[in-house]
Amino acid sequence: MTVGILLVGGRGTRLAPITSEIPKPMLPIAGLPVTEHQILAAKAAGVTTLVLATSYLSEVFIPYFGDGSKWGMDLRYAVEESPLGTGGAIAYAASALTDLGPDESVVIFNGDVLSKHNLRAQIDFHEAHGADVTLHLIEVEDARAFGCVPTDADGRVSAFLEKMENPITRWINAGCYVFNSSIIKSMPKGVVLSVERETFPELIAQSKSVYGYQEDAYWLDIGNPRALFKGSRDYVGAQSLIAPSACVDQSAVISGGSTLGAGVSVLAGAIIEDCIIAAGATIGAKAQISHCFIAPGAQILDGEEFENRYISESENLPISF
């Protein structure tokens, strides 16, 4: 059995106002919530049991995902009363894995990352090296905005370095980890803890076997509106993606990698460019919208024109790109 923990408790403050009513992990990317993309990636890698570590707007996850049977998964939930940080969330969520073995591999996903790396290969690398923790590392052109992670010739991590003007490596932490369960069981419970700032450096100092699995695959942190829209366009990979149940008048023009969710209605002459339109929204006749996030059930009236906006049933606010 391979198990995992998906960290989906963050508020997504950098994505405001889009996350004022929708938690970041439930934002649609090419018609599916970010979390669903991650569940599908986990399943493809052989993960059978997954705990969703939730906090902000936690009540929206269970109605959508349920027990996971729709995906052939065993989904469980751990709801934090207050944010515990990445390490605290992992330790708390592990309590839902009552059948966790003494030396079992546990995959940890960050809920704000889109990645197409070979997760199964990362798990195999981890187990082949008998590692305590294995991080997915990606190479970036400019590592100054990130903490960098140097490794030796064997792939063993030698340090976790904070942002610096002249990074010694371009390989950075991509936010997907495989832990040996014994490490998780040793982490303090009920306290705020960061694996990036505390756990990983401490493991290195203790000479634990921390490895970096290097794969330069598609990766995107969807932490701000620009990245969210880019991720959706990347996953659409075409002029548009229209849900089968959407109703679009043949005279409407949909372009720019736009996504139209289930039950969306687009009336005659509407023009939509680079928009994310969630389920049940209506775009009126001859309306023109570009670079807009239209929340579930929202309505754009006939002839209205909007650019760079978040529009819901109760809000109409600018998006800063």
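Residues numbered from 1 in each chain as written. Predicted model: local features only at pLDDT ≥ 70, side-chain atom pairs only at ≥ 80, totals over all residues. Heavy atoms only, no water.

Enquirer: Give me the packing of aromatic side chains: which residues, what numbers.
Expert: The tally for this structure, following the rule as stated, stands at 13 aromatic pairs. In textbook terms, an aromatic cluster arises when at least three aromatic residues are bridged by ring pairs, as seen for Phe160, Tyr177, Phe179 and Phe200. If you follow lysine 116 out to its NZ or CZ, it ends over the ring of tyrosine 218, 5.4 Å from the centre. Geometry around tyrosine 235 places lysine 116 over its ring, the cationic atom sitting 4.4 Å from the centre. (Phe/Tyr/Trp six-rings, centres within 6.5 Å; stacked < 30°, edge-to-face > 60°. Lys NZ or Arg CZ within 6 Å of the ring centre and 35° of its normal.)

Enquirer: Explain the sheet that holds strand β20 (residues 288–290) to me, and be specific about the residues and the numbers.
Expert: Reading across the sheet, the 4 strands line up as β14-β17-β20-β23 and stay open at both edges, with parallel pairing between neighbours. Each end of this open sheet is capped by a strand with a single partner; those strands are β14 (253–255) and β23 (305–307). Averaged over all adjacent pairs, the angle separating strand axes in this sheet is 5°, with direction ignored. (Pairing = 2+ DSSP bridges. Helix = DSSP H or I, 4+ residues; strand = E, 2+ residues; numbered from the N terminus. Axes fitted to C-alpha atoms, helices over the stretch in contact; angles between N-to-C directions.)

Enquirer: Can you break down helix α4 (residues 119–128) residue by residue, with the values?
Expert: The set of residues buried in α4 consists of Leu119, Gln122, Ile123, Phe125 and His126. Down the axis of α4, the sector holding all buried residues measures 160°, keeping them to one side. Between the side-chain oxygen of the N-cap and the backbone nitrogen of arginine 120 there are 3.3 Å, and the N-cap of α4 in question is asparagine 118. Backbone geometry just after α4 places glycine 130 at a positive phi near 55°. (Buried < 20%, exposed > 50% of the residue type's maximum accessible area, 1.4 Å probe, protein only. Arc of directions from axis to C-beta. Polar contact = N/O pair within 3.5 Å; in protein donor to acceptor, adjacent residues only side chain to side chain.)

Enquirer: Account for the layout of surface pockets, with residues named and values stated.
Expert: Estimates place the volume of the largest pocket at around 1400 Å³. What lines the largest pocket is a set of 43 residues, among which Thr86, Asn110, Asp112, Glu196 and Arg197 lie closest to the centre. Elements with a minimum of two residues in the lining of the largest pocket: α3 (85–93), β9 (171–180), α6 (195–205) and β11 (219–221). Its residues assigned to classes, the lining of the largest pocket comprises 19 nonpolar, 14 polar and 10 charged. (1 Å grid on protein atoms, 1.4 Å probe; cavity = no way out; pocket = protein on both sides within 12 Å on 5 of 7 lines; lining within 4 Å. Points joined across faces, edges and corners; volume = space filled by probe spheres on them. Nonpolar A, V, L, I, M, F, W, Y, C, P; charged D, E, K, R; others polar.)

Enquirer: Explain unusual backbone geometry residue by residue, including any values.
Expert: The omega angle of the peptide bond from alanine 16 to proline 17 is 5°, so this bond is cis rather than trans. Summarising the element assignment, proline 17 is placed in the loop between β1 (2–7) and β2 (28–29). The backbone of serine 207 shows a phi angle near 60°, a positive value even though the residue is not glycine. Mapping serine 207 onto the fold places it in the loop between α6 and β10 (210–214). Among the residues examined, serine 207 registers a relative accessible area of 58% and is labelled exposed.

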